[in-house]
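Listed below are the residues making up each chain.
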Amino acid sequence: QLPDYRACFQHAAAALRAAFPAVQIAWSSSKIYRLNYTVDQMNPGDQWFDIYGLLYYDNYTPLQSQATWDKYVNAYKGTGGSPSGIGSWLAYATSHGKKLGVSEWGIWDRPEWDTPTADDPVYIHDMYQFFKANAASIAYEAYQNNNTSATDGHQLCPTTPFPRAQAAYAQLWRAG
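Just so you know, these numbers come straight off a predicted model, no measurement behind them. (Residues numbered from 1 in each chain as written. Predicted model: local features only at pLDDT ≥ 70, side-chain atom pairs only at ≥ 80, totals over all residues. Heavy atoms only, no water.)

**Observations concerning helix H4 (residues 86–95)**
Of all 10 residues in H4, seven are buried; the element is thus mostly enclosed. Buried residues of H4: Ile86, Gly87, Ser88, Trp89, Leu90, Tyr92 and Ala93, and no others. Once H4 ends, the next one or two residues include Gly97, with phi positive near 75°. (Buried < 20%, exposed > 50% of the residue type's maximum accessible area, 1.4 Å probe, protein only. Helix = DSSP H or I, 4+ residues; strand = E, 2+ residues; numbered from the N terminus.)

What follows is the structure, given as structure tokens:
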């Protein structure tokens, strides 16, 4: 299992680099790694990729709380003490000489809470501040602006059921 996964990633990375020498490869994970292996064990080897990728959604509870952000931003709650907070992922990436790429992030309207609860401007604000403070170590970030179902939405524009998060995003990203 694990050796096969790592060998497959390495094979794909070698093929991509052979065909496209300037390609940048990201090895990505969800924020909390909960399989039977740690992040270190799953890592295919730093020479095989350029960026640590991360999917980092707003689903720590309670939502809309600076105390929640502060509690989890630097947390290590994944399998075997693997990183789970965006700050701990950034520290992990930089300790390996890599930048962090946040390919998906966003508020998350989940069935466990109502839509007004998911409308979390604190998370939007704190993500913006994190990206700004760590810009030199962030390769990219992309808000996941979609609404795939009535119980799994992230969409802020052009329409949204999250007016407070939308206003925070518009204000902060307009300001630069």
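On we go.
**Quick notes on the pattern of salt bridges**
Here the structure, examined in full by the defined rule, presents three salt bridges. Residue Arg17 pairs with Asp50 through a salt bridge whose shortest N-O separation is 2.9 Å. Separated by 33 residues along the polypeptide, Arg17 in helix H1 (residues 2–19) and Asp50 in the loop between helix H2 (39–42) and strand E2 (51–58) bring together distant segments of the chain. With a relative accessible area of 24%, Asp50 lands in the partly exposed category. As a salt-bridge pair, Arg110 and Glu112 come within 2.6 Å of each other at their nearest N and O atoms. Arg110 sits in the partly exposed class, given a relative accessible area of 22%. (Salt bridge = Lys/Arg side-chain N within 4 Å of Asp/Glu carboxyl O.)

**A closer look at the packing of H4 against helix H6 (residues 121–133)**
Their axes nearest at 12 Å, the elements H4 and H6 cross at an angle of 20°. Taken together, the axes of H4 and H6 lie roughly parallel to each other. Note that H4 runs across H6; the crossing there is right-handed. When H4 is examined against H6, the residues Ile86, Gly87 and Leu90 are found in contact with a partner set consisting of Met127, Phe130 and Phe131. Broken down by class, the residue content of the contact of H4 with H6 amounts to five nonpolar, one polar and no charged. (Axes fitted to C-alpha atoms, helices over the stretch in contact; angles between N-to-C directions. Parallel < 35°, antiparallel > 145°, perpendicular 65-115°, else oblique. Left-handed = near helix turned anticlockwise from the far one by under 90°. Contact = heavy atoms within 4.5 Å. Nonpolar A, V, L, I, M, F, W, Y, C, P; charged D, E, K, R; others polar.)

**Some thoughts on the side chain of Thr38**
Relative to the elements of secondary structure, Thr38 occurs in the loop between strand E1 (26–30) and H2. Exposure remark for Thr38: the relative accessible area of 18% places this residue in the buried category. Contact partners of Thr38, with chain neighbours within four places excluded, come to Tyr33, Thr79, Gly80 and Ser82.

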